[in-house]
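Letter by letter, the chains look like this.
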Amino acid sequence: MLGLAPEDLAAVRLSLLVATVGTLASLPVAVLVALLLARGRFPGKTLLDGLVHLPLVLPPVVTGYLLLLSFGRRGLFGEALANCCGLVFSFRWTGAALAAGIMGFPLMVRAIRLSIEAVDRRLEDAAETLGAGRIGVLFVVTLPLAAPGLLAGLVLAFAKALGEFGATITFVSNIPGETRTLPAAIYTLTQTPGGDAAALHLVLVAIGLSLLALVASELLARRLASRIAG
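Residues numbered from 1 in each chain as written. Predicted model: local features only at pLDDT ≥ 70, side-chain atom pairs only at ≥ 80, totals over all residues. Heavy atoms only, no water.

Participant: Explain the overall build of the protein to me, please; I cannot follow it from the model alone.
Facilitator: Looking only at helices and strands, the protein has 11 helices and 0 strands in total. Taken from the N to the C terminus, the helices and strands of the protein come in the order α-α-α-α-α-α-α-α-α-α-α. Put simply, the protein has 230 residues, and 40% of those count as buried. Here the analysis covers contacts within the protein between residues at least 6 apart in sequence; of these, 73% occur between residues at least 24 apart. Split by element, the accessible area of the protein, about 12400 Å² in all, is 68% carbon and sulfur. Each charge class in the protein was averaged separately, 17 positive and 13 negative side chains, and the resulting centres sit 4 Å apart. (Helix = DSSP H or I, 4+ residues; strand = E, 2+ residues; numbered from the N terminus. Buried < 20%, exposed > 50% of the residue type's maximum accessible area, 1.4 Å probe, protein only. Contact = heavy atoms within 4.5 Å. Areas by Shrake-Rupley, 256 points an atom, 1.4 Å probe, with all protein chains shown as cover. Lys, Arg positive; Asp, Glu negative; His and termini not counted. Charge placed at Lys NZ, Arg CZ, Asp CG, Glu CD.)

Written out as structure tokens, the structure reads:
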């Protein structure tokens, strides 16, 4: 692949793994939060909306530092998870996936929320009058009609996760073969004498992967929309 060295190929594979795991793991929570924001009426809704979108405006290193305090080996949740479940995030690829998922979470929630808000409430009401419960309406009417937005949110979050750097390197460092993702590998090569050519190769790979994800998302969203309209 573009004459990449084995360690650079490993960074590409790790980035794909981290972005996929982080995005898919955050999807159920994103759907729940999007439903709350789109359909819920409760005190603190504006605060919840602000907290969800906070990673978009905070410096990524701040998010990474908060993750280190919370999920590090001596963190608020990290020590408990390590002791009870053997789940370790700090300086592991799992921590990179956590950071990537959190950074892409606001984009996913926003896309899903807008898609749910666009669903005609009369269709949901009609399904309820025909005997479908709220859970049934959600899975039979709301989510299928919101599928294009859900797909768009997935791809946006995946693309964000694929390019995540600041929070990841702050939380899990830049360990070759373990936490050195594609952006971290590019950064390392730019700081290495004679590494410009290899860095350019990885930049081209990053651009190609991002474009591929966006084009695939657009094609799938159009197909889903045409099926729903038909």
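From this point, things continue past the structure.
Participant: So what exactly am I meant to see when it comes to the side chain of T23 here?
Facilitator: If you trace the backbone, T23 turns up in helix α1 (residues 6-39). Each residue touching T23, except ones within four places of it in the same chain, is listed here: M108, L154, A157, F158 and A161.

Participant: In this structure, what is going on with the packing of α1 against helix α5 (residues 93-117)? I would like to understand it.
Facilitator: Packed helices, taken two at a time, are described by the angle their axes make and the gap between the axes. Between α1 and α5, the shortest axis-to-axis distance is 5 Å and the interhelical angle comes to 40 degrees. Taken as axis vectors, α1 and α5 run oblique relative to one another. Remark: the crossing between α1 and α5 carries right-handed chirality. By residue class, the composition of the contact of α1 with α5 is 22 nonpolar, 4 polar and 3 charged. (Axes fitted to C-alpha atoms, helices over the stretch in contact; angles between N-to-C directions. Parallel < 35°, antiparallel > 145°, perpendicular 65-115°, else oblique. Left-handed = near helix turned anticlockwise from the far one by under 90°. Nonpolar A, V, L, I, M, F, W, Y, C, P; charged D, E, K, R; others polar.)

Participant: How should I be thinking about α1 in this particular structure?
Facilitator: For the α-helix, the turn length of 3.6 residues means that residues three or four positions removed from each other point alike. Here α1 spans 49 Å end to end across 34 residues, near enough to the 50 Å set by a 1.5 Å rise per residue. Along α1, the helix axis deviates most sharply at L27, where the bend reaches about 40 degrees; the proline P28 sits within four residues downstream. (Expected span 1.5 Å × (residues − 1). Bend = angle between axes of the 7 residues up to and from the residue.)

Participant: Is there a simple way to think about the nonpolar core in this case?
Facilitator: Nonpolar side chains in soluble globular proteins tend to end up buried together. Counting residues in each nonpolar core, the largest one holds 21 residues, and the members touching the most others are V18, A19, L67, L98, A99, F158 and F171. For this core, the secondary-structure elements that each account for two or more residues are α1, α5, α8 (147-162), α9 (166-172) and α11 (196-229). With 6 residues, α5 is the single largest residue contributor to this core. Ignoring anything within four residues of it in the chain, the contact list for F158 reads L16, A19, T20, T23 and A213. Judged by nonpolar contacts, the second largest core, of 20 residues, contains A30, V52, L143 and A157. (Core = buried A, V, L, I, M, F, W, Y, C linked by side-chain atoms within 4.5 Å.)

Participant: Any chance you could explain the packing of aromatic side chains here in plain terms?
Facilitator: For any two aromatic rings, the description comes down to two numbers: the centre-to-centre distance and the angle of the planes. What the rule picks out here adds up to 3 aromatic pairs. Note on F71 and F77: the rings are 5.6 Å apart at their centroids and 35 degrees apart in plane angle, and the pair reads as tilted. Taking relative accessible area as the criterion, F77 reaches 43% and is therefore assigned partly exposed. The interplanar angle of 75 degrees and the centroid separation of 5.5 Å between the aromatic rings of F71 and F89 together place this pair among those described as edge-to-face. Of the two residues, F71 sits in helix α3 (residues 60-71) while F89 sits in the loop between α4 (78-85) and α5, which places them 18 residues apart along the sequence. Taken together, F71, F77 and F89 form an aromatic cluster joined through their ring pairs. (Phe/Tyr/Trp six-rings, centres within 6.5 Å; stacked < 30°, edge-to-face > 60°.)

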